[in-house]
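Residue-level structure breakdown
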Amino acid sequence: MFTHIITIHPLGFMYGSAGAFLSPENLVGLSGAKFPPDAATLSGLIFSAHKDAKDDAPSQETLRHQLFVAGPFWANVDSPHNFYIPVPRHKILGEDDTDQWEIRNYQWWRDEVAHPDIEADYQWQRIDSWDYSPDDIKANQAAAKAPWEFLPMLHPSLKSDERHVRDENGLFLENAVQMLPNKWDGGDAETCLVYLSTVPLDDGWYRFGGESHLVEVTSHHIDETSPITELLQRPIENAFALIGPGLWGSTHLSLRYPRHSDFSERRPMMLTDRPLPYRYRLGSQPKDNQTEQPTQAGRLSRGRYAVPTGTVYVFKDAIGKPWSDWPEDWFPREGFPLKHLGCNLCLPVDISRS
């Protein structure tokens, strides 16, 4: 389904949030921190880049039906096809030890006697290690921590037409983000963000994200015989792990698991964490003829809660088809099925049962 890997290489700082105004509870500057940008941000960039593109570029109407994006992931700049994806939560990768959740007597179980104090210190693994055990992931140096760092920066909120602070409470903390070298695989490689897409972008420099920071974009073709294609097309049987945010339910109700009859009539077993807010902007308003700038930012989508990546689902009945073949009516809609934004993207996992 996905035909291209799109890498986003920041040319300097990016921002993890627009920042919150100073308050006693926000002095540390990490309130509302969110990074990296969701796949919806890349989707908006692709629509914008093709709006005034050459004649052979896909039309806006074609993109609405054919564009699918997924992410965010990350990779070493020199090996984008071997990118890092979230570790499924049944695999616990600690600094000095590893462990794994199993199902025993219809309950989640792990050996807390042998591994009493282990914590999941690594949240990312290379995609080529998806089928590895926790010990093999560590042995092959295929686990990593997030290669970015938040750096709170103090800013004044200025009037749009004057160099004056907007009001007396005009100071706010902005969460600048710096991409770091990947030191977890035994090297010191430069890193970039990675997204999957069915439509490429021309290589070059673009403004990316809510703060429109300059990034270098490169599109890499995914061959049909690539191990990535094989893994993404592998049918989901009785268990899967999310590598994209889990959006279930309707525009008015967020759910933790799908209630569609084609999944299973029985509630799935889950290994998860608390849900995360999920929201994005829906396009932009028409441009002002004099300034060539949008008259105002596009409206926000309906706020939802997303099941976090890495969450493991175990079903009684096998689904029998990969995520790419799931019907679009299994997904929430907001004028279009959220499958187009990579929601609920998942890969099959093997859970030990007894």
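A few points on the structure. Only a predicted model underlies this, so the values are computations on that prediction, with no experimental measurement involved.

Moving on, we get to the overall build of the chain. Looking only at helices and strands, one finds four helices and 26 strands in the chain. For the chain, the proportion of its 354 residues judged to be buried stands at 45%. Intrachain contacts of the chain at a sequence separation of at least 6 include 73% that bridge at least 24 residues.

A few words on the pattern of salt bridges. The final tally for this structure, using the stated rule, is nine salt bridges. Aspartate 99 is the partner of arginine 110 in a salt bridge, and the nearest nitrogen-oxygen pair spans 3.0 Å. On the criterion of sequence distance, the pair formed by arginine 110 in the loop between strand E9 (107-109) and strand E10 (124-126) and aspartate 99 in strand E7 (residues 98-100) is long-range, its members being eleven residues apart. Note on arginine 110: relative accessible area 12%, which makes it buried.

So, about the nonpolar core. By size, the foremost hydrophobic cluster in this structure holds 46 residues, and its most contacted members are Phe83, Leu196, Phe240, Tyr313 and Trp326. The set of elements that each furnish at least two residues to this core consists of strand E4 (69-76), strand E14 (191-197), helix H4 (227-232), strand E17 (239-242), strand E20 (269-271), strand E25 (312-314) and strand E26 (346-348). A per-element tally of this core places E17 first, with four residues. Once you skip the residues sitting within four places of it in the chain, leucine 196 turns out to touch Phe2, His4, Ile5, Phe68, Val69, Ala70, Phe73, Phe83, Ile222 and Leu232. Among the nonpolar cores identified, the runner-up in size contains 35 residues, and Ile46, Trp148, Tyr206 and Cys343 belong to it.

As a further point, take unusual backbone geometry. It is generally the case that most residues other than glycine have a negative phi and that most peptide bonds are trans. Residue proline 72 is reached from glycine 71 by a cis peptide bond, and omega for that bond is 5 degrees. Notably, tyrosine 106 is not glycine yet its phi reads approximately 65 degrees, a positive angle. If you trace the backbone, tyrosine 106 turns up in the loop between strand E8 (102-104) and E9. Given the relative accessible area of 63%, tyrosine 106 is considered exposed.

Glancing now at the packing of aromatic side chains. Following the criterion strictly, the structure yields 17 aromatic pairs and no others. Measuring from ring centre to ring centre gives 5.0 Å for phenylalanine 240 and tyrosine 313, while their planes differ by 25 degrees; the resulting arrangement is stacked. Remark: tyrosine 313 occurs in strand E25 and phenylalanine 240 occurs in strand E17; sequence separation between them is 73 residues. Accessibility expressed as a relative area gives 0% for tyrosine 313, which makes it buried. A centroid spacing of 6.1 Å and a plane angle of 85 degrees characterise the contact between tryptophan 323 and phenylalanine 331, whose relative ring orientation is edge-to-face. Phenylalanine 331 shares its class with tryptophan 323; the two are buried. In this structure an aromatic cluster arises from ring pairing among Phe2, Phe240, Trp248, Tyr313, Phe315, Trp323, Trp326, Trp330 and Phe331. Its end group placed over the ring of tryptophan 101, arginine 110 keeps NZ or CZ at 5.6 Å from the ring centre. When the ring centre of tyrosine 122 is taken as reference, the NZ or CZ atom of lysine 145 above it lies at 5.5 Å.

Sheet architecture is open: four strands sit in the order E20-E25-E17-E26, paired in antiparallel fashion. Here the strands that pair on one side only, and so sit at the sheet edges, are E20 and E26. Here the strands of the sheet are splayed against their neighbours by 25 degrees on average, with no regard to which way each runs.

Where empty space is left becomes clear once a probe the size of a water molecule has been rolled over the atoms. In this structure, the second largest pocket encloses a volume near 210 Å³. Around the second largest pocket, the lining comprises 13 residues; the ones closest to its centre are Tyr106, Arg266, Met269, Val314 and Arg353. For the lining of the second largest pocket, the class distribution of residues is six nonpolar, three polar and four charged.

Another point: empty space enclosed by the protein. Evaluation of the coordinates by the stated rule reveals one cavity of 30 Å³ or more. Here the largest cavity is characterised by a volume of approximately 80 Å³. Forming the boundary of the largest cavity are Met1, Phe2, Thr229, Leu232, Gln233, Trp323, Ser324 and Leu345. A class-by-class count of the residues in the lining of the largest cavity yields five nonpolar, three polar and no charged.

Checked against the element boundaries, threonine 191 lands in strand E14. Apart from the residues within four sequence positions on either side, threonine 191 is in contact with His9, Trp74, Ala75, Asn76, Val77, Pro147, Met179, Leu180, Pro181 and Asn182. A polar side-chain atom of threonine 191 sits 2.7 Å from the main-chain carbonyl oxygen of leucine 180.

Right, let's get into helix H1 (residues 39-51). The terminal C-alpha atoms of H1, which comprises 13 residues, lie 19 Å apart, in line with the 18 Å expected from a rise of 1.5 Å per residue. Listing the buried residues of H1 in full gives Ala39, Ala40, Leu42, Ser43, Leu45, Ile46, Phe47 and His50. Next to the buried residues of H1 lie strand E1 (4-10), helix H2 (60-66), E4, E14 and strand E15 (204-208).

Another aspect to go through is the pairing of E1. Here E1 lies mainly inside the structure; seven of its seven residues are buried. The side-chain alternation of E1 yields two buried faces, one formed by His4, Ile6, Ile8 and Pro10 and the other by Ile5, Thr7 and His9. Note that E1 and strand E16 (residues 213-221) share seven bridges and pair antiparallel. Each residue of the ladder has a partner; that of isoleucine 8, found in E16, is valine 217.

The rules we used
Residues numbered from 1 in each chain as written. Predicted model: local features only at pLDDT ≥ 70, side-chain atom pairs only at ≥ 80, totals over all residues. Heavy atoms only, no water. Helix = DSSP H or I, 4+ residues; strand = E, 2+ residues; numbered from the N terminus. Buried < 20%, exposed > 50% of the residue type's maximum accessible area, 1.4 Å probe, protein only. Contact = heavy atoms within 4.5 Å. Salt bridge = Lys/Arg side-chain N within 4 Å of Asp/Glu carboxyl O. Core = buried A, V, L, I, M, F, W, Y, C linked by side-chain atoms within 4.5 Å. Phe/Tyr/Trp six-rings, centres within 6.5 Å; stacked < 30°, edge-to-face > 60°. Lys NZ or Arg CZ within 6 Å of the ring centre and 35° of its normal. Pairing = 2+ DSSP bridges. Axes fitted to C-alpha atoms, helices over the stretch in contact; angles between N-to-C directions. 1 Å grid on protein atoms, 1.4 Å probe; cavity = no way out; pocket = protein on both sides within 12 Å on 5 of 7 lines; lining within 4 Å. Points joined across faces, edges and corners; volume = space filled by probe spheres on them. Nonpolar A, V, L, I, M, F, W, Y, C, P; charged D, E, K, R; others polar. Polar contact = N/O pair within 3.5 Å; in protein donor to acceptor, adjacent residues only side chain to side chain. Expected span 1.5 Å × (residues − 1).

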